[in-house]
Amino acid sequence: MTSSTKTSSPSLNTVTPPAIYKVSLGLIEISALATLVGATSAESFALGSNGATGLPWAGMSSFGLIYVIRGFIAAAVSDRARDTIGLRNAEIDSAMGVSLLADRRKPEPLTVDSGVVKGLWMHHVDDENVATGEREVYSIHAFDRISSTIIGGIPTSKPGDELFIYRFRPLPDPEISREVRWYWVSMACSLVKLAEVFTLWYMGASYIYWVSAFPWLHGFISALFLRLTNLYLDREDFRHRDVITGELPSPLHAGGPGKLLIGIPGNIRHHYWWKIIWGTGVLVACSALMAIFVNLSAQPSQIVYTWAGFQFFWLMLRIIIHRIVTQKGARRLGITTSYPWTAAPVQLRRRAIEMIMGLSRHLITIHPRGTKAYQDDAVDILEVKKLLQLAGDKFSEALPAKLIDDMSPEEGAQLLGVVGDVVYRGLGWLQGTLDSEDLYDSALVFLQIAGKVHAVPSVRVLRRGIVAGDIESLPESFDPRGAREESSISDFERWVHWIPMVDEGGARFWAQLRDMTSIRAATKFTFMKPNELNNALHKGILNVSIVGEDDVLRILQLSRDAAFMLQRIFSDAEL
């Protein structure tokens, strides 16, 4: 018989994890659930939405600490970075706002809200420093809480009406003493966190008892520092701004109802000390969070349960305190006084014009013609003022033909500057006038001929340049305004101006400035009779929407109306 040998397989050694590991894993699940419950209050306190008193409460509980870290990062970085890395939500936008620099040399950057611009703001200056030069303008994509509270309390202009100018005036706040008392009470209440520290220490816990308190301690010290430096609450005297908001105009549309506010308070959270506190808070909270969950596995189950109980209690207490704080509402920082344009003080008119010039620079960043086309346009209040003064604060509806004899054959005329459609569109929105698409092709040119400066309303278009070939053989094309499609026969674009002139008999003809490359360059005219201009436009080789002299005359009349408006507004502001 053959004996069979039964071979048994080697048994695998099974290691049963200690119960404390199961406890720790369960706590991670509980922490995740608690994080969802307390996310709003944790993030709101971390952002200082209701003042610096929320900072210690943000770090009270380790449950929800991940949202505290998120809030710290979102607040510490720039608005551009916050939008890029996707750290925006309603709470963060309300606390910090979102505004991007409108650089006339660059197109408006896209944002997660599809580039929707809700307003513009500029740094406010003292009365004696008004009109000191071009100031940076920022496009607003989300208003912070303090701005939206003030703006929401004033009426919007009616369509087609001129904008009222609203001046913010700070008032002594009778509630400030109550706010200070509440601040200290809230800070004192957060000291109950020490009960957790003492209890865990008494039970013999290792360093978890003080690691768990680190985020709270950082917030407590930060809140105390901000109180001593008077940066703990929104203030009526902090970094005033001038703001315009509403249905802003675009290069092709006149816009709608709007608001213009002078001197509203800035956001206290934009101070660099807040940024430093949030930056250090990220390091403290991240380190504490990792150290806590690493150390939990080494603790007895009794200490782990006690620690978890404290965290859940702090979580509930933080939600209750947040509910109390949010029901208090925003503190009133002042009142606004309204002025129609005709009754506004001169200084307010100048500030309004500066804001409109800022709007003009914003329009350049979104213009279908591109930013490069407008780099030589005058969009600064001092620059426009200087040009108007050089022309004697008046303009000519047409240049007399005798000026041709005064031009040097070598130099022709010198183009000193141009006020274009972006300025007209902004001023038209301010005054509730000039609601026409033809404004797109209007301009006021400043020419120096034989030592004298002439301001002349004109018509200008941006034509496509010709690389090579017979112009007469090119197909006709009448591109609509705002079209940006590239033509196969062009690789650059140049301005073409048509300036009206009259001879001694009163007959009209046109001086054409073509292919200009820069302001202040010597410029030579091409003189054209009405039928010659008609024939040139009918060919359609400039790739513009204008098809004949009748279109040019219609736009010219609008350009004259806009020049009158510009002259009147600057005169009203004593500029």
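In this text the structure is predicted, and so the values were computed from the model without any measurement.

(A) Expanded view of unusual backbone geometry. At Asn-230, a residue that is not glycine, the phi angle is positive and equals roughly 60°. With phi around 55°, Asp-393 is a residue other than glycine that occupies positive phi space. Relative to the helices and strands, Asp-393 resides in the loop between helix H15 (381–390) and strand E8 (399–400). Relative accessible area serves as the criterion here: at 40%, Asp-393 is assigned to the partly exposed category.

(B) Spotlight on helix H14 (residues 346–365). The end-to-end C-alpha distance of H14 is 29 Å, a good match for the 28 Å that 20 residues give at a rise of 1.5 Å each. With 18 of its 20 residues buried, H14 lies for the most part within the structure.

(C) Fine view of the side chain of Thr-245. Mapped onto the elements, Thr-245 comes out in strand E5 (residues 241–246). Judged by relative accessible area, which is 7%, Thr-245 ranks as buried. A polar contact is formed between the side chain of Thr-245 and the backbone oxygen of Lys-118, at a distance of 2.6 Å. Discounting chain neighbours no more than four positions away, the residues touching Thr-245 are Lys-118, Gly-119, Phe-143, Ile-151, Gly-258, Lys-259 and Trp-429.

(D) Examining empty space enclosed by the protein more closely. Considering all chains together, one arrives at six cavities of 30 Å³ or more under this definition. In this structure, the second largest cavity spans a volume of roughly 80 Å³. Around the second largest cavity, the lining comprises 14 residues; the ones closest to its centre are Trp-121, Ile-140, Ala-142, Asp-144 and Arg-241. Mapped onto the lining of the second largest cavity, the elements with two or more residues apiece are strand E1 (98–101), strand E3 (137–142) and E5. Along the lines of polarity and charge, the residues of the lining of the second largest cavity split into eight nonpolar, four polar and two charged.

(E) Quick peek at the confidence of the model for the protein chain. Looking at the protein chain as a whole, its pLDDT mean stands at 81, while 80% of the residues score no less than 70. At the low end of the mean pLDDT range in the protein chain sits helix H1 (residues 19–37), at 52; at the high end sits helix H11 (residues 214–228), at 94. This model gives residues 1–26 a pLDDT under 50, and the stretch forms twelve contacts once residues within four places in sequence are excluded. pLDDT under 50 marks residues 466–474. Its contacts with residues more than four places away, or in other chains, come to ten contacts.

(F) Geometry of the environment of Ala-373. Within the element layout of this structure, Ala-373 appears in the loop between H14 and H15. Take Ala-373: its relative accessible area is 16%, and that puts it in the buried class. Distance in space between the C-alpha atoms of Ala-373 and Arg-105 is 9.8 Å, their sequence separation being 268 residues. Leaving out residues up to four positions away in the same chain, Ala-373 has contacts with Leu-462 and Trp-495.

(G) Up close: the side chain of Gln-311. Counting through the fold element by element, Gln-311 comes out in helix H13 (residues 301–328). Of note is the side chain of Gln-311, whose polar atom sits 2.9 Å from the backbone nitrogen of Ser-62. Side chain to side chain, Gln-311 and Glu-196 meet in a polar contact 2.9 Å long. Leave out the neighbours within four places in its chain, and Gln-311 touches Met-60, Ser-61, Ser-62, Phe-63, Lys-193, Glu-196 and Ser-212.

Conventions used here
- Residues numbered from 1 in each chain as written.
- Predicted model: local features only at pLDDT ≥ 70, side-chain atom pairs only at ≥ 80, totals over all residues.
- Heavy atoms only, no water.
- Helix = DSSP H or I, 4+ residues; strand = E, 2+ residues; numbered from the N terminus.
- Buried < 20%, exposed > 50% of the residue type's maximum accessible area, 1.4 Å probe, protein only.
- Expected span 1.5 Å × (residues − 1).
- Polar contact = N/O pair within 3.5 Å; in protein donor to acceptor, adjacent residues only side chain to side chain.
- Contact = heavy atoms within 4.5 Å.
- 1 Å grid on protein atoms, 1.4 Å probe; cavity = no way out; pocket = protein on both sides within 12 Å on 5 of 7 lines; lining within 4 Å.
- Points joined across faces, edges and corners; volume = space filled by probe spheres on them.
- Nonpolar A, V, L, I, M, F, W, Y, C, P; charged D, E, K, R; others polar.
- pLDDT = per-residue confidence, 0-100.

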